[in-house]
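Given next are the chains, with one letter for each unit.
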Amino acid sequence: MQKILISILMVFALLCGAASAWAGTTDLVNALGPGDFKAREQAIAALAASGDPAAVPVLDALDAGKLYMRKADKVVFIIKDDADPATLIDPATGQDAGTAPKATLEKVKVNNALRGVISSAKGGLTLFSPDVATRKAAAANILKAGDASAVDTLEKAIAAEKDPSALALMKQAFAAAVLNSSRPDADKLAAIETLKEVGDRDTAALLAQVANSAEEPVKSAAAAAAASIQSGLASWTLVQNFWYGISLGSVLLLAAIGLAITFGVMGIINMAHGELVMVGAYTAYVTQQVVTAYIPGAADYALLISVPSAFIVTGLLGMAIERTIIRFLYGRPLETLLATFGLSLVLQQAVRSLFGPTNKDVSAPSWMAGSIDITNGLSLTMNRIVIVAFTAVIFFGLMLLMKRSPIGLQMRAVTQNRPMARAMGIKAAWVDTLTFGLGSGIAGLAGVALTQIDNVSPNLGQNYIIDSFLVVVFGGVGNLWGTLAGAMALGIANKFLEPFAGAVLGKIIILICVILFIQKRPRGLFAIKGRWVES
Amino acid sequence: MGMPQFAFAAGETIKVGILHSLSGTMAISETTLKDVMLMLIDQQNAKGGLLGKKLEGVVVDPASNWPLFAEKARELISKDGCVATFGCWTSVSRKSVLPVFEELNSLLFYPVQYEGEESQKNVFYTGAAPNQQAIPAVDYLAAQGVKRWVLAGTDYVYPRTTNKILETYLKDILKVAPEDIMINYTPFGHSDWQSIVSDIKKFGSAGKKAAVVSTINGDANVPFYKELGSQGVKATDIPVCAFSVGEEELAGIDKKPLVGHLAAWNYFMSVDTPINAAFIKDWQTYTKNPKRVSNDPMEAHFIGFNMWVEAVTKAGTTDTDPVLDAIIGVTVPNLTGGYSAMLPNHHITKPVYIGEIQESGQFDIVWQTPGLVAGDEWSDFLPGSKDLISDWRKPMSCGNFNVKSGKCGGAT
């Protein structure tokens, strides 16, 4: 009987304990609501100190702007989505708590300083998570922030950690935390040695910060470590500039390669080339809208789907332009220039009337987001890598088409000797249409790629038309290799000039150099015979 | 007053000029302002017009072409007989129309934040002067612990002048060392930001908290923010505080990587006041688009238009000189829940807000000035401009009065 009584009492006590823990968390969560950012910072610290794992989703919601306070009674809820009325979730239990109109709720706001506090608080709470990735992320957060309050928790986590990669990261995080803590200098000097091996920019910043504030001998050791990391990073600057040059070069090549066919091969000064690029970009936008509306599961691949659709749309548009305007103007370059310039204005205004003057958002697929670290000094952004690869595929595909396919043969034949080609039974007029369509289609492909780095607006094409002509003329009219060489030379030269001369002056210097070069070699880097050059 | 539309005198309208680019690079920003003016005119007509007459908006398109702004302004005043004009966005367009408004003695309401250093008798500056946007933003960042500054801008008059003021302010008032300031200019529409963003990252890893103050204008912002996102520059590490990126400009960008970056304005769509809620509702109904956003220059037009209406009502005429006298001191509600007043220097009082970008494309206000800030036409931080004041009331009636020499005219 007594036993039973005791166990009942124990259960009761446990229940009370649990209930009071919940109630405590609820109070801590509710404290996030009212008050200013300073008060909120203290509330977050208190929540983190509670060690309650229920605090993690609350902090996540706060970070994501999904934590709201009911205006009437100042009770804090997590909201499920952006719907109005909002579906409320009780932060302590994770249970549904009914709905409420948005107007009766007030968002619990965070600012950048608080985001830092949240991320290190979460670091402390998730260091013991069963998931390795979560533990590593927690350690990485502490490493970056160098949060001194995490020292003791980290020591325990290191003792308990089994995964070697997580352990290494935790040791680095521990070193970062020690540097900002009040531990003895010997510990700090050891920590500096550990951090020196990490060697990335964030660590350099952390060490430099310590060097600014600490006392000797930590001060000079940290300064020396920061300097050695910085000089290690600096040695990669050359490689980095080269890569930036190549990636700028491939954007220029993308924009110019369609022009290399219409202007270089056919000799048509197509001022509407930029607008064809723009139409390609808008096709990518429309494709993405359609795909996300009808096949939401494939949204991540919408950009891939828009590659063929942009090629077809702009290719057909180009063929229509050739059939209705250009073919009446062959051999009259000035009139072609004026007609296509007029056309470019028409296309721009048409797109503006259809889609409005504001920018359209073509979102980046998840596989194109972020960057990869090659080494500590060199990280390449994914979207640029994809664009360089995409450009290479187009360039060599086009090369193959021109050199190895029957249609390519016919195109070159018509370009080099039209009467002879016709005598051989080639339908020259039809080949002209196809050639122009091919150049336009490739412009459309360029448009798809440009959505990832530039803005999709009616002015998109205008920004690239001058650069495109520059590349084609500089590289040598009528030669695809010349276009490649021209684009890369301009891109790389630009990126090596920019750090010294600045973006504005850099562009001017390049332009002057090209003008001087054209004076010396009017036919560009690689000159070739063609209808355009013959006359 | 049940049916005010009967109150109009037959065949008589008051013409109001709307001078905003509907094509060219600036169309992206200015088309919206044209729409908002037409809406305000409609609303005023529904309230019974002005002086018993109906208002009529005359829309022209200067096509982002600065000399054409002057021509179109002349056409609005001389040919169409507009008594007041609302328009311009870029400083260069404003500078090109100034002589026209002075010569023909007509009124211009200019709704966009600008670089200051100007006060003209015929112009009312309803956007922010540098002390109503740039200086408070820098103060906010400094209070957040920022010690290193990147001043990044597009290469033209507004960023150059604003950055000159900011540089002096940082060095003289906040005592920032010259090596902790990096200044960078890029051409209009600049699209390749790789090296600059990586330079900014490098600049920010010197152990002192760094921030970017961005006066990058127009289209170039989109690739800039895209590059920041893909190179992983987070707002918690290096915040970017922009002076010309608002709700409209964000519409074309993926906001996920940008959460926490800042903007300084005098109005945000997210301001929670009944008058703002009503304005947004009207705006979305008028444009028949429930997703349309509002922004700061729209609010400036709202304030400017209401001030003009009030001044004309007070003067009892639309003639320029009586309205010029009547408008100083006029106070109208702004959309953020307070009142803005027209000052003798033709600038207005407004609150200053700092907002952080949210994933929704809206801004969360994280800081605001405790009260209204009076627009300062001549910067207190630039030599030569320090001693100048402007007061368009009689008898002084001068835009650049030198308090040291006691003379009107001439900067130094």
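This report concerns the structure included in the present document. (Residues numbered from 1 in each chain as written. Chains lettered and ligands numbered in written order. Predicted model: local features only at pLDDT ≥ 70, side-chain atom pairs only at ≥ 80, totals over all residues. Heavy atoms only, no water.)

Within chain B one finds 11 helices and 19 strands. Taken against the 2.2 N^0.38 rule, which gives 22 Å for 412 residues, the C-alpha radius of gyration of chain B at 21 Å falls within 12% of a compact globule. For chain B, the proportion of its 412 residues judged to be buried stands at 63%. Counting only contacts in chain B whose residues sit at least 6 apart along the sequence, the fraction spanning at least 24 positions is 66%. Within the structure as shown, chain B displays about 14,200 Å² of accessible surface, and the carbon and sulfur contribution to it stands at 55%. Side-chain charges of chain B comprise 36 positive and 45 negative groups, with the mean position of each set lying 1 Å from the other. (Helix = DSSP H or I, 4+ residues; strand = E, 2+ residues; numbered from the N terminus. Rg over C-alpha atoms; globule rule 2.2 N^0.38 Å. Buried < 20%, exposed > 50% of the residue type's maximum accessible area, 1.4 Å probe, protein only. Contact = heavy atoms within 4.5 Å. Areas by Shrake-Rupley, 256 points an atom, 1.4 Å probe, with all protein chains shown as cover. Lys, Arg positive; Asp, Glu negative; His and termini not counted. Charge placed at Lys NZ, Arg CZ, Asp CG, Glu CD.)

Let us now look at the pairing of strand E3 (residues 84-87) of chain B. All names here are of chain B. Along E3, one buried face is formed by Ala-84 and Phe-86 and the opposite face, lined by Thr-85 and Gly-87, is buried too. As defined by bridge partners, strand E1 (residues 13-19) adjoins E3 across 4 bridges and the pair is classed as parallel. Looking at E3, one finds that Gly-17 is bridged to Thr-85. As paired elements, E3 and strand E4 (residues 107-110) share 3 bridges and run parallel to each other. Bridging across to E4, Ala-84 finds its partner in Leu-107. Between the parallel pair E3 and E4, the chain is carried across by helix H3 (residues 91-103), and the sense of this crossover is right-handed. (Pairing = 2+ DSSP bridges. Right-handed = clockwise from strand over helix to strand, strands pointing away.)

All names here are of chain B. Position of Trp-308 relative to the elements: it lies in helix H10 (residues 296-315). The class of Trp-308 is buried, set by a relative accessible area of 0%. Separated by 224 residues in sequence, Trp-308 and Ala-84 have C-alpha atoms that sit 8.4 Å apart.

So, about a nonpolar patch on the surface. A cluster of nonpolar side chains, namely Val286(A), Val290(A), Tyr294(A) and Ile295(A), defines an oily patch on the protein surface of about 400 Å² accessible area. Locating Val286(A) in the fold gives a position in helix H12 (residues 273-294). (Patch = residues over 30% accessible without salt bridge, like charges linked within 9 Å, V, L, I, M, F, W, Y side chains within 5 Å. Salt bridge = Lys/Arg side-chain N within 4 Å of Asp/Glu carboxyl O.)

Helix H6 (residues 194-203) of chain B packs onto helix H11 (residues 237-265) of chain A with a crossing angle of 150° between their chain directions and a minimal axis gap of 10 Å. One element, H11(A), and the other, H6(B), form an angle in the roughly antiparallel class. Each of Thr237(A), Gln240(A), Trp243(A), Tyr244(A), Ser247(A) and Leu248(A) in H11(A) lies in contact with H6(B), whose residues at this interface are Gln194(B), Ser195(B), Ser198(B) and Lys202(B). (Axes fitted to C-alpha atoms, helices over the stretch in contact; angles between N-to-C directions. Parallel < 35°, antiparallel > 145°, perpendicular 65-115°, else oblique.)

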